[in-house]
Amino acid sequence: MRFGAIRVFSKGPSLGTFSKTSASLRYSSQSYSTRFCFTTSTGVKMASTSAPAAAGGGEGVQQIDSYKLQHQQQKQQTGKRPFQNGQGGGGKGGRGGKFKKKGKKAKPPAEGGHDEVLRLDIEALMAKSRNEAAEGAEGEEAAAEEENLPEQGSEVLVEVVALSSTGDGLAKMKGSDRIYVVPFAVPGDMVTVKAYRHEETHTVADFISVVDPSPLRDDSRIQCKYFSKCSGCQFQMLDYAEQLRIKRETVVKAYKNFSQLTPELVPEILDTIGSPLQYNYRTKLTPHFDGPWNNPRRGPKKHLESCPPIGFTPKSARKVMDIEDCPIATPAVRKGLTAERERMKTEFSKYSNGATILLRESTIRVPAGGEAPSDIPSDAVVVRTPGYTDYKTHITDNNATSTEYVDDFIFTNPAGSFFQNNNSILSPFTQYVRDHILPPANKEGIKYLIDAYSGSGLFTITQSALFPGGSIGIDIAEGSIAYARKNAKLNNLDEGQCKFIAADAPELFKSVEGYNPDETVVVLDPPRKGCDASFLSQLLRFGPRRVVYVSCNVHTQARDVGVLVRGEVEGVVDNTEETDGTERKKTRYEIESLRGFDFFPQTAHVEGVAVLNRVEER
């Protein structure tokens, strides 16, 4: 537990040690025995107390007050707050974290987010270590060991034994079960790391260098000079086939950890489909820069006095890292980055605050034999095919219109809005959905497509030819729907073939009362947080014949697919009778297939496609 800057651990026999058993502090008339860890300018000091837990005073409370006083004295002396869970001192950009005020509750980790995924991977590795230790002890109960932890900022040698779905390596020191979370490392690597924060279950560390490389590592594959500093990529040292294998395993673990389904209900995860381009694929970048430090909130503000670093936040600090080039971006976007950096050399003094720079690729397509428009920028990237010539440029205005092609389909969007950032994979991706959106048997029985979370119409438009009854897309963003309607017209689709409505996803089912569920497919492509309980409940009540769930977060996808397979939404009370009083059939789904798509090579990210069929039972 935490009390201001104080952390409570279970009592151990000596100073400077950490017990693997979790702390327990009882608020009652009984005695408690604890060890208080507080921060000084020289390091972590430990002190044991034994006092009654009576409210309103006692030796234990006085001891806490003395630690608070020492913390305040240190802050007055150094002008700096102590590092969280570690050493004292640390200026702007340090790795120690912010001091938390007494009584302020930390936000719970986002469900299916980075912290929760990392926690589950750490717990799985700890459980594996305990099982191996128990087998080695031949059934005898092993006593909780205590070990010295490295001081914050010290360098230690660790071996990476596993890889988290976050892309971080999970490592151990020789002779220790303590887990170190290490970026830019893969199983089999022996690496030097710098410990900077001790958590109850693990230590977070910075990557320093490789001492003995894993057989999986080949640093000659790395194409970016900022790799292992910039936080954008994690896997450039790996063969691409190995990256795809790792991403398949990410999907496997997602359904193991989040679906709450028994193994027999989850089919074998299919191989991850790779990107045609492993570099030069990102059609959007958003580099940024910091403004003048310590600008006043009110009154005149200082302007930048020199050109600031322009780039991205590194893995091990808060200050922006200056980045001249990004090899995973398309050539047009890379040219845009160069141009914006040159512009800032003469315009930096206009800025009193930091800012984000938009770089979005846009395409002008000219049929073969046609004449190119006269206003095409001189630095446009030219791509020629037998049927057409594409002129690829970059846009920096968030409100300007960008144009993108997926096969022969055309899509326009505000440059600052969301659209898939890897154009090279969109053709095989939409073709895969097209090949699996209809059931293998009785395809002729499907007439309608409902595209929930449709955005500017990627699936509604590219799949519309398969549905004689028409396709309908819904999105909460009215701006996206306006562009979706525009895109339908650009692709010569009338409203009978393809229409869009602006509303929250749960309102969708009020608009499709004429659709027969037996003749309907629903495509889901929600944001990273997944679908909410209300939407899933209404989807189950509507009960479409088939569901194709596309997701940029396979962990929340696994959670939602588990709900559909069980046919029950926790916390939502649903009427089990039809309006005529007859018993309503329970609707649930079975998984036909699960597969990942690699939209972002060189990173740990993987997208998922789940195909489900309705199962009816009383």
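Residues numbered from 1 in each chain as written. Predicted model: local features only at pLDDT ≥ 70, side-chain atom pairs only at ≥ 80, totals over all residues. Heavy atoms only, no water.

### Regarding the pairing of strand 21 (residues 401-406)
Using the following cut-off: Only protein chains enter the accessibility calculation, which uses a 1.4 Å probe; a residue is then buried when its area is under 20% of its type maximum, exposed when over 50%, and partly exposed in between. In this description a helix means any DSSP run of H or I spanning at least four residues, a strand means any run of E spanning at least two, and both kinds are numbered starting from the N terminus. When DSSP finds two or more bridges between a pair of strands, those strands are recorded as paired.
Taken across its six residues, strand 21 has five buried, putting it largely inside the fold. Inspection of the sheet shows strand 21 paired to strand 22 (residues 409-414) by six bridges, in the antiparallel sense. The residue of strand 22 that forms the bridge with T401 is P414. Between the end of strand 21 and the start of strand 22, which pair antiparallel, lie two residues, with D407 showing a positive phi angle near 55°.

### Examining the sheet that holds strand 19 (residues 381-384)
If you walk across this open sheet you meet the four strands as 13-18-20-19, and the pairing is antiparallel. In this open sheet, the two strands that pair with only one neighbour each are strand 13 (284-285) and strand 19. Where strand 19 meets strand 20 (residues 388-395), four bridges bridge the pair, whose relative direction is antiparallel. Each bridged residue has a counterpart across the sheet, and for R384 the counterpart in strand 20 is T389.

### Here we look at the packing of aromatic side chains
Quick note on the threshold: Within 6.5 Å between ring centres, the rings of Phe, Tyr and Trp (the latter by its six-membered ring) count as paired, and their orientation is classed by plane angle as stacked under 30 degrees, edge-to-face over 60, tilted in between. A ring is scored as having a charge over it whenever the NZ atom of a lysine or the CZ atom of an arginine sits within 6 Å of its centre and within 35 degrees of its normal.
Evaluation of the coordinates by the stated rule reveals 13 aromatic pairs. Centre to centre, the rings of F411 and F419 are 5.7 Å apart; their planes meet at 40°, and the pair counts as tilted. Take F411: its relative accessible area is 0%, and that puts it in the buried class. When the centroid spacing of 5.1 Å and the interplanar angle of 70° are considered together, the rings of Y432 and F597 count as edge-to-face. In this pair, Y432 sits in helix 5 (residues 423-436) while F597 sits in strand 28 (residues 586-597), placing the two residues 165 residues apart along the sequence. By relative accessible area, which is 7% here, Y432 ends up buried. By the ring-pair criterion, three or more aromatic residues cluster together here, those being F429, Y432, F459, F597 and F599. When the ring centre of Y388 is taken as reference, the NZ or CZ atom of R365 above it lies at 3.6 Å.

### A closer look at the side chain of S402
Worth spelling out the cut-off: Contacts between residues were defined by any pair of non-hydrogen atoms, one from each residue, lying within 4.5 Å.
Summarising the element assignment, S402 is placed in strand 21. Relative accessible area serves as the criterion here: at 6%, S402 is assigned to the buried category. Setting aside chain neighbours within four positions, we find S402 in contact with R360, E361, S362, I395, F411, T412, N413, P414 and A415.

### A few points about the UniProt feature "binding site: S-adenosyl-L-methionine" (unreviewed entry) in the protein
Formally: UniProt positions are given in the numbering used here, feature names are shortened, and annotations may be inferred rather than shown by experiment.
This chain's UniProt record puts "binding site: S-adenosyl-L-methionine" (unreviewed entry) on Q420, Y453, D475 and D525. In this fold, Y453 is placed in the loop between strand 23 (448-452) and helix 6 (458-462). Its relative accessible area of 18% is what places Y453 among the buried residues. The contact partners of D475, leaving out residues within four places of it in the chain, are Y453, S454, G455, S480, I481, I501, A502 and A503.

### Side note on helix 9 (residues 554-566)
So the rule is basically this: Expected helix span is taken as 1.5 Å per residue step, with the number of steps being one fewer than the number of residues. Here a polar contact is taken to be a pair of N or O atoms separated by no more than 3.5 Å, where protein atoms must pair a possible hydrogen donor with a possible acceptor and residues adjacent in sequence count only if both atoms sit in side chains.
Taking 1.5 Å of rise per residue, 13 residues should cover 18 Å, and helix 9 covers 18 Å from first to last C-alpha, within 8% of that figure. Along helix 9, 12 of the 13 residues are buried, which leaves the element largely enclosed by surrounding structure. Along helix 9, the positions that sit buried rather than exposed are V554, H555, T556, Q557, A558, R559, D560, V561, G562, V563, L564 and V565. You can read the cap of helix 9 off the contacts: a side-chain oxygen lies 3.0 Å from the backbone nitrogen of H555, and it is on N553. Count one or two residues on from helix 9 and you reach G567, which has phi positive near 75°.

### Things to note about the nonpolar core
Spelled out, the test is: Buried Ala, Val, Leu, Ile, Met, Phe, Trp, Tyr and Cys residues form a nonpolar core when they are joined through side-chain atoms within 4.5 Å.
Counting residues in each nonpolar core, the largest one holds 73 residues, and the members touching the most others are V158, V182, V191, F429, I437 and V609. Among the elements that take part in this core, helix 5 stands out by supplying five residues, more than any other. Those residues in contact with I437, other than ones at most four positions away along the chain, are L449, Q463, L466, F467, V521, V523, R546 and V548. Grouped together as the second largest cluster of nonpolar side chains are 42 residues, F509, F535, V554 and V563 included.

### With respect to the UniProt feature "active site" (unreviewed entry) in the protein
Using the residue numbers shown here, the UniProt feature "active site" (unreviewed entry) corresponds to C552. Mapped onto the elements, C552 comes out in the loop between strand 27 (546-551) and helix 9. Not counting chain neighbours up to four residues away, the residues in contact with C552 comprise P526, P527, R528, H605, V606 and E607.

### A look at the sheet that holds strand 8 (residues 169-172)
The criterion, for reference: Axis lines are fitted through C-alpha atoms, for helices just across the contact stretch, and the angle between N-to-C directions can take any value from 0 to 180 degrees.
The five strands lie next to each other as 7-8-9-11-10, forming a closed barrel whose pairing is mixed. Direction aside, neighbouring strands of the sheet carry axes that sit 50° apart on average.

### Some details on helix 3 (residues 240-258)
Helical periodicity: at 3.6 residues per turn, an α-helix aligns residues three or four positions apart in one direction. A rise of 1.5 Å per residue sets the reference length of helix 3, with its 19 residues, at 27 Å; its end C-alpha atoms lie 27 Å apart and thus fit the reference within 8%. Buried within helix 3 are the following residues: Y240, E242, Q243, L244, I246, K247, T250, V251, K253, A254, Y255 and F258. Measuring from the backbone nitrogen of A241 back to the side-chain oxygen at the start of helix 3 gives 3.1 Å, which picks out D239 as the cap. Positive backbone phi, at 55°, marks Q260, one or two positions downstream of helix 3.

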